[in-house]
Amino acid sequence: MDLEIAHIPLSFYVHIPWCEKKCPYCDFNSHAIKDVMPEEKYVEALLIDAQMEINALRGRTISSIFFGGGTPNIFSALSIGKILTFIKANFSVLPNAEVTVEANPSRYCISSGKQIEESLLELRQVGVNRLSVGVQSFNDNNLLKIGRLHTGGQAVDFVNMSLHIFSNVNLDIMYGLPDQSIGDFHLDIEKALILKPSHLSVYQLTIEENTEFSSFRPNLPKDEVIWSMYQKLIQELKDADYHRYEISAFSLKGSECFHNKNYWLFGDYIGIGAGAHSKLSFEDRIERQNCFRQPDKYMEMVLKRNGSHKLRKNLKVEELPGEFMLNVLRLIDGFDVSLYSSRTGQKFQEIRKLVNLAEEKKLLTIFGNKIKPTMLGLNFLTDLQEIFF
Ligand code: SF4
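Residues numbered from 1 in each chain as written. Predicted model: local features only at pLDDT ≥ 70, side-chain atom pairs only at ≥ 80, totals over all residues. Heavy atoms only, no water.

K.L.:
Help me understand the pattern of salt bridges, please; the structure alone is not making it clear to me.
P.N.:
When the charged atoms of two side chains with opposite charge come close together, those side chains can pair. Under the counting rule described, the total for this entry stands at 12 salt bridges. The salt bridge partner of Arg-330 is Glu-246, with a shortest N-O separation of 2.5 Å. Of this pair, Arg-330 sits in the loop between helix H11 (320-328) and strand E17 (335-336) while Glu-246 sits in strand E11 (residues 243-246); the two residues are 84 residues apart in sequence, bridging distant segments of the chain. On the basis of relative accessibility, which here comes to 23%, the residue Arg-330 falls in the partly exposed class. A salt bridge links Glu-323 to Arg-288, with the shortest nitrogen-to-oxygen separation between them at 2.5 Å. One end of the pair, Glu-323, is in helix H11; the other, Arg-288, is in strand E15 (residues 285-291), with 35 residues separating them in the sequence. (Salt bridge = Lys/Arg side-chain N within 4 Å of Asp/Glu carboxyl O. Helix = DSSP H or I, 4+ residues; strand = E, 2+ residues; numbered from the N terminus. Buried < 20%, exposed > 50% of the residue type's maximum accessible area, 1.4 Å probe, protein only.)

So, in structure tokens, the structure goes:
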């Protein structure tokens with residue numbers, strides 16, 4: 001393996017693992033706040049976690065920072081600002097780096113009790129320049145059935161306020177919700193388009209293991225209804241000039257999410273926080289790291305300051321084709337063949353047969369140096385990705 005690290009973009013991820021309440025469909029590393037949320041202690045642990053990465057990342061520049069969760073806006077802007085200040089003071093960060101915070105519509109910021117407009121303004125003041133809002137739906141009935149705490153009206157108010165304060169705002173929307181009709185979903189898309197955020201991420205609700213919905217299965221729409229919703233979505237967003245650049249991501253011109261696109265282009269990222277993952281390239285290897293998931297355990301281990309809060313594993317050479325394709329084939333415009341060797345250190349010729357097989361199955365196309373999934377490949381993405389494992 002011979003990787004040119006200087007050419008691999010680096011992103012920084014910070015995980016905030018708490019939510020007001022656990023949603024019944026959620027399999028993220030998120031935990032309902034019990035009595036108190038140990039915000040101060042957790043921030044202290046995050047800074048120690050980040051500090052332990054300074055040597056490994058020396059000489060590299062961070063292009064984006066992303067606070068994900070959980071519900072990061074459950075923390076005060078003061079805490080988010082403290083973490084950002086530390087990252088900027090101890091790592092090289094691009095001056096125009098994209099800095100995103102995921103947020104859920106709520107009347108106030110839980111930790112500080114501040115009204116939402118004030119806390120959003122404070123987030124901007126501490127250096128956040130992009131907000132990703134977990135709307136999911138604007139329909140009160142559908143929101144109730146997926147256990148969300150906000151109403152459609154609160155979501156509209158929150159998004160309007162966000163758009164007033166930030167020029168770059170993403171809305172997360174879901175479809176295929178319990179008892180949702182095509183008409184319900186159509187109205188959700190219509191409302192989202194009236195708000196005109198710069199970015200939309202639209203996902204189908206799936207039932208994941210170890211969630212409340214896997215034990216108490218809700219009544220989901222039939223497959224043909226979900227298929228109609230999906231087709232409606234693609235057409236309506238296209239008509240409204242949203243460019244679909246990833247299987248679930250749509251943006252207005254110039255507003256693609258750099259951070260997520262870096263994941264999909266098999267770039268590098270360092271993750272700090274409970275359950276955070278990292279993928280880091282070195283000249284001779286690619287390493288994956290996973291932090292302990294339980295917040296208490298994570299904090300306890302980080303405070304030992306010996307690196308035992310995360311597990312590290314080098315990717316095997318035979319795992320690289322699958323790992324690479326799992327990400328890049330999500331991109332609608334695909335990738336240039338040279339990206340394979342620059343991101344994995346392996347020769348493209350070694351996977352040529354598999355690429356040809358996928359082409360024979362009409363799941364992808366090869367045009368000059370460019371490889372991209374076909375519409376069939378996007379609709380059967382798992383089948384396409386599996387070819388490379
Ligand atoms: S708000 Fe988001 S992260 Fe939190 S439980 Fe619900 S879906 Fe999961």
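K.L.:
What exactly am I supposed to notice about the sheet that holds E17 here?
P.N.:
Across a sheet, strands are paired by hydrogen bonds formed along the backbone, either parallel or antiparallel in direction. Taken in spatial order, the three strands of this open sheet run E17-E19-E18, and their pairing is antiparallel. Looking at which strands have only one partner, the edges of the open sheet turn out to be E17 and strand E18 (364-367). Of the strand pairs in this sheet, E18 and strand E19 (residues 370-373) are connected by four bridges, and their pairing is antiparallel. Bridged to Ile-366 within E19 is Ile-371. Its contacts with the sheet place helix H13 (residues 352-360) against E18 and E19, and it is angled at close to 115° to E18. (Pairing = 2+ DSSP bridges. Contact = heavy atoms within 4.5 Å. Axes fitted to C-alpha atoms, helices over the stretch in contact; angles between N-to-C directions.)

K.L.:
How do you make sense of the packing of aromatic side chains when you look at a structure like this?
P.N.:
What describes a pair of aromatic rings is the distance from one ring centre to the other and the angle between the planes of the rings. If you walk through the whole model with that rule in mind, you get 14 aromatic pairs. Between Tyr-13 and Phe-66, the aromatic rings sit 6.2 Å apart at their centres with planes inclined by 20°, giving stacked as the arrangement. Here Tyr-13 is found in strand E1 (residues 10-16), whereas its partner Phe-66 is found in strand E4 (residues 61-69), with 53 residues between them in sequence. For the pair shown, Tyr-13 and Phe-66 are each scored as buried. Ring pairing ties together the aromatic residues Phe-266, Phe-324, Phe-335, Tyr-340 and Phe-348, which thus form one cluster. Seen from the ring of Phe-266, Lys-279 lies directly overhead, with NZ or CZ sitting 4.0 Å from the centre. Over the ring of Phe-282 we find Arg-285, and its NZ or CZ is 4.0 Å from the ring centre. (Phe/Tyr/Trp six-rings, centres within 6.5 Å; stacked < 30°, edge-to-face > 60°. Lys NZ or Arg CZ within 6 Å of the ring centre and 35° of its normal.)

K.L.:
Looking at this structure, I do not really get the side chain of Glu-246. What am I missing?
P.N.:
Residue class for Glu-246 comes out buried when judged on its relative accessible area of 1%. At 2.5 Å, the side chain of Glu-246 and the side chain of Arg-330 are in polar contact. Once residues lying within four places of it in the same chain are set aside, the contact partners of Glu-246 are Trp-264, Arg-330, Leu-331 and Ile-332. (Polar contact = N/O pair within 3.5 Å; in protein donor to acceptor, adjacent residues only side chain to side chain.)

K.L.:
Explanation requested: the layout of surface pockets in the structure shown.
P.N.:
Any space left empty among the atoms is revealed by the rolling of a water-sized probe across them. Roughly 240 Å³ of volume is contained in the second largest pocket. Among the elements that line the lining of the second largest pocket, the one with the most residues is helix H8 (residues 223-239), at four residues. (1 Å grid on protein atoms, 1.4 Å probe; cavity = no way out; pocket = protein on both sides within 12 Å on 5 of 7 lines; lining within 4 Å. Points joined across faces, edges and corners; volume = space filled by probe spheres on them.)

K.L.:
In this structure, what is going on with the pairing of strand E8 (residues 130-136)? I would like to understand it.
P.N.:
Regular strands place side chains that alternate from one sheet face to the opposite one. When you tally the buried positions in E8, you get seven out of seven residues, the bulk of the element. Residues Arg-130, Ser-132, Gly-134 and Gln-136 point to one face of E8 and Leu-131, Val-133 and Val-135 to the other, with burial holding for every one of them. Across four bridges, strand E5 (residues 92-103) lies against E8 in parallel orientation. Bridging across to E8, Glu-102 finds its partner in Ser-132. Inspection of the sheet shows E8 paired to strand E9 (residues 169-175) by five bridges, in the parallel sense. Bridge pairing in E9 places Gln-136 opposite Ile-173.

K.L.:
How do you make sense of the domain arrangement of the protein when you look at a structure like this?
P.N.:
Note: interface size is frequently given as the accessible area lost on complex formation between the parts. What the domain assignment lists for the protein is domain 1 (5-263) and domain 2 (331-389). Domain 1 puts 11 residues into the contact, and the matching count from domain 2 is nine residues. Buried surface at the junction of domain 1 and domain 2, both sides included, amounts to about 800 Å², of which 61% is carbon and sulfur. Contact with domain 2 buries surface across domain 1, with Ile-8, Arg-244 and Ile-247 losing the most and accounting together for 46% of the total. Here domain 1 and domain 2 share zero salt bridges between them. Summed over the shared surface of domain 1 and domain 2, the number is two residue pairs in polar contact (both at pLDDT 80 or more). Only H8 and E11 provide two or more residues apiece to the side of domain 1 that touches domain 2. In terms of residue class, the side of domain 1 that touches domain 2 is made up of six nonpolar, two polar and three charged. (Domains from an automatic or database assignment. Buried area = accessible area lost by both parts, 1.4 Å probe. Nonpolar A, V, L, I, M, F, W, Y, C, P; charged D, E, K, R; others polar.)

K.L.:
Help me understand helix H12 (residues 337-344), please; the structure alone is not making it clear to me.
P.N.:
Think of an α-helix as turning once every 3.6 residues; residues three or four places apart then point the same way. Taken together, the buried positions of H12 are Val-337, Leu-339, Tyr-340, Arg-343 and Thr-344. Projected down its long axis, H12 shows its buried positions confined to an angular sector of 150°, all on one face. Against the buried residues of H12 lie E15, H11, E17 and E19. One or two residues past the end of H12 sits Gly-345, with phi positive at roughly 75°. (Arc of directions from axis to C-beta.)

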